[in-house]
Amino acid sequence: MSIGSILEKKRKEQGLLQAELAERLARDGVFVSKHAVSKWESDKTLPNAQQFLALCRELKIYDVLGEFLGEADELRTGLNELGKKRLREYARLLRGSEAFRAIEQAPLRVLPLYDLAVSAGTGQFLDGENYEMMECGVEVPEGAHFGVRIAGNSMEPRYHDGQTIWVRQQRSLMSGEIGIFLYDGDAYLKKLVAEDGQVKLHSLNPAYEDIVVSSALPLRVLGKVLS
């Protein structure tokens, strides 16, 4: 069926004359004559976008694609008008329920992931140019600025060799927080411990001794581990 014939069919289903449909469209701010409606129904002209939306509203055409392109929703197939009305009512109830409402997907972010950024064992220099850009979803903490693949086992059992961690870039940490550090030319994933007048880079794996930070060598905080 053509667009015009569908419009004519739906108008007659509503029991409207062409002039009455024109009057209803005027209430929606669409001012046309009954002759314009006649031309639409005979496919001599086509309504513009505003006119088409108003027509669909007045003629109660809810499944626009299904009506005009033949892409009917399979849930509506075989239902009479009362059944379609009930289906719309159920859909409104489901949309109003938290249990059934669709969850919008968070947009993907693109963050740098460093291949040789950190050694959790012997210490590898943080190479600021050796990284790849990686698309990240909701599994990555919102405040992360970059990712790091760990090398070594000094932070087991919490972090493992080859694991990717996500880091928020910041210049200072509190004692007890885990972060990425540059010290004496090497990069480390460690827990910062400040006690008894000493600053240490602590390994969670008891097989590794703590690194005592010397006041003669600068300790640079690269960021806090978020995951």
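Our structure's up above, just so we're on the same page.
Residues numbered from 1 in each chain as written. Predicted model: local features only at pLDDT ≥ 70, side-chain atom pairs only at ≥ 80, totals over all residues. Heavy atoms only, no water.

Caption draft 1: A look at the pairing of strand β5 (residues 178–183). Taking burial as the measure, the six residues of β5 include six buried ones, the bulk of the element. Covered by surrounding structure in β5 are I178, I180 and L182 together with G179, F181 and Y183, the residues of both alternating faces. Pairing of β5 with strand β6 (residues 186–195), which is carried by six bridges, proceeds in the antiparallel orientation. When the bridges of β6 are listed, G179 appears paired with K190. What sits between β5 and β6 in their antiparallel hairpin is a turn of two residues, with D184 showing a positive phi close to 55°. The pairing of β5 with strand β9 (residues 219–225) spans five bridges and is antiparallel. Counted as the bridge partner of I180 is G223 from β9. (Buried < 20%, exposed > 50% of the residue type's maximum accessible area, 1.4 Å probe, protein only. Helix = DSSP H or I, 4+ residues; strand = E, 2+ residues; numbered from the N terminus. Pairing = 2+ DSSP bridges.)

Caption draft 2: A look at the pattern of salt bridges. Applying the stated criterion to the full structure yields eight salt bridges. A salt bridge links K10 to E13; its shortest N-O distance comes to 3.2 Å. Of this pair, K10 and E13 both sit in helix α1 (residues 3–13), three residues apart, which is roughly one turn of that helix. Looking at K10, the relative accessible area reads 7%, which means it is buried. Of the residues examined, E13 reaches a relative accessible area of 43% and is grouped as partly exposed. Note that R11 and E41 form a salt bridge whose closest N and O atoms lie 2.5 Å from each other. With a gap of 30 residues between them, R11 in helix α1 and E41 in helix α3 (residues 34–41) connect regions that are remote in the sequence. (Salt bridge = Lys/Arg side-chain N within 4 Å of Asp/Glu carboxyl O.)

Caption draft 3: The packing of helix α2 (residues 18–27) against helix α4 (residues 49–58), seen in detail. Where α2 contacts α4, the two axes come as close as 10 Å, and the packing angle between them is 110°. Judged by the inter-axis angle, α2 sits roughly perpendicular to α4. In the crossing of α2 with α4, the sense of the turn from one axis to the other is right-handed. Where α2 abuts α4, its residues L21, R24 and L25 lie against A54, L55 and E58. (Axes fitted to C-alpha atoms, helices over the stretch in contact; angles between N-to-C directions. Parallel < 35°, antiparallel > 145°, perpendicular 65-115°, else oblique. Left-handed = near helix turned anticlockwise from the far one by under 90°. Contact = heavy atoms within 4.5 Å.)

Caption draft 4: A look at a nonpolar patch on the surface. Where nonpolar side chains cluster on the molecular surface, the patch consists of V110, Y131 and M133 and spans about 300 Å² of accessible area. Its location among the elements puts M133 in strand β2 (residues 131–136). What makes M133 partly exposed here is its relative accessible area of 48%. (Patch = residues over 30% accessible without salt bridge, like charges linked within 9 Å, V, L, I, M, F, W, Y side chains within 5 Å. Areas by Shrake-Rupley, 256 points an atom, 1.4 Å probe, with all protein chains shown as cover.)

Caption draft 5: Looking closely at the side chain of E58. Its place among the elements puts E58 in helix α4. Despite its burial, E58 remains without a salt bridge, the nearest opposite charge being carried by R24 at 4.1 Å. Discounting residues that sit within four places of it in the chain, E58 has contacts with Q14, L21, R24, L25 and D28. (Lys, Arg positive; Asp, Glu negative; His and termini not counted.)

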